[in-house]
Amino acid sequence: QVQLVESGGGLVQAGGSLRLSCAASGRTFSSYTMGWFRQAPGKEREFVAAISWNGGTTYYADSVKGRFTISRDNAKNTVYLQMNSLKPEDTAVYYCAAAVGPMTTKTYDYWGQGTQVTVSS
């Protein structure tokens, strides 16, 4: 069982940066694939980024590639999402998720409550 708590969201102007954090409970954090997802108002939840259990492999949605960076610190049971060059279309609730499966999985087993990111134009 893993509990996930996101933080770091807020209001930022277009072109600005934010860093989201996701703190996980449990002693097996380092064994999970971790991902970030987002859901904008009136839209379905979409994948943003994922990172393998040891941080050696990352994967990004095309819409954020080159602007967002996912990383993790297994000693701190925390995964991060550094977001640069933010655009108004990045406005959404951002969710952290943990998967038992590998990077190729589409099934995430545990979810956080989400943190709001709002980018003003």
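Our structure is the block above this text.
Now for a look at the structure at hand. (Residues numbered from 1 in each chain as written. Predicted model: local features only at pLDDT ≥ 70, side-chain atom pairs only at ≥ 80, totals over all residues. Heavy atoms only, no water.)

## Describing the overall build of the protein chain
Item 1. Looking only at helices and strands, one finds 0 helices and 11 strands in the protein chain.
Item 2. For 121 residues, the compact-globule estimate of 2.2 N^0.38 gives 14 Å, and the C-alpha radius of gyration of the protein chain, at 13 Å, lies within 12% of that figure.
Item 3. With the principal axes as the frame, the protein chain shows a C-alpha extent of 40 × 25 × 25 Å.
Item 4. Each of the 121 residues in the protein chain was classed as buried or not, and the buried ones make up 45%. (Helix = DSSP H or I, 4+ residues; strand = E, 2+ residues; numbered from the N terminus. Rg over C-alpha atoms; globule rule 2.2 N^0.38 Å. Buried < 20%, exposed > 50% of the residue type's maximum accessible area, 1.4 Å probe, protein only.)

## Considerations on unusual backbone geometry
Most of the time, phi is negative for any residue but glycine, and the peptide bond is trans.
Item 1. Phi is positive for Asn77, close to 50°, though the residue is something other than glycine.
Item 2. Here Asn77 lies in the loop between β7 (68-73) and β8 (78-83).
Item 3. A positive phi angle, near 50°, is found at Ser85, a position not held by glycine.
Item 4. Of note, Ser85 is situated in the loop between β8 and β9 (92-99).
Item 5. The exposure class of Ser85 is partly exposed, given its relative accessible area of 42%.

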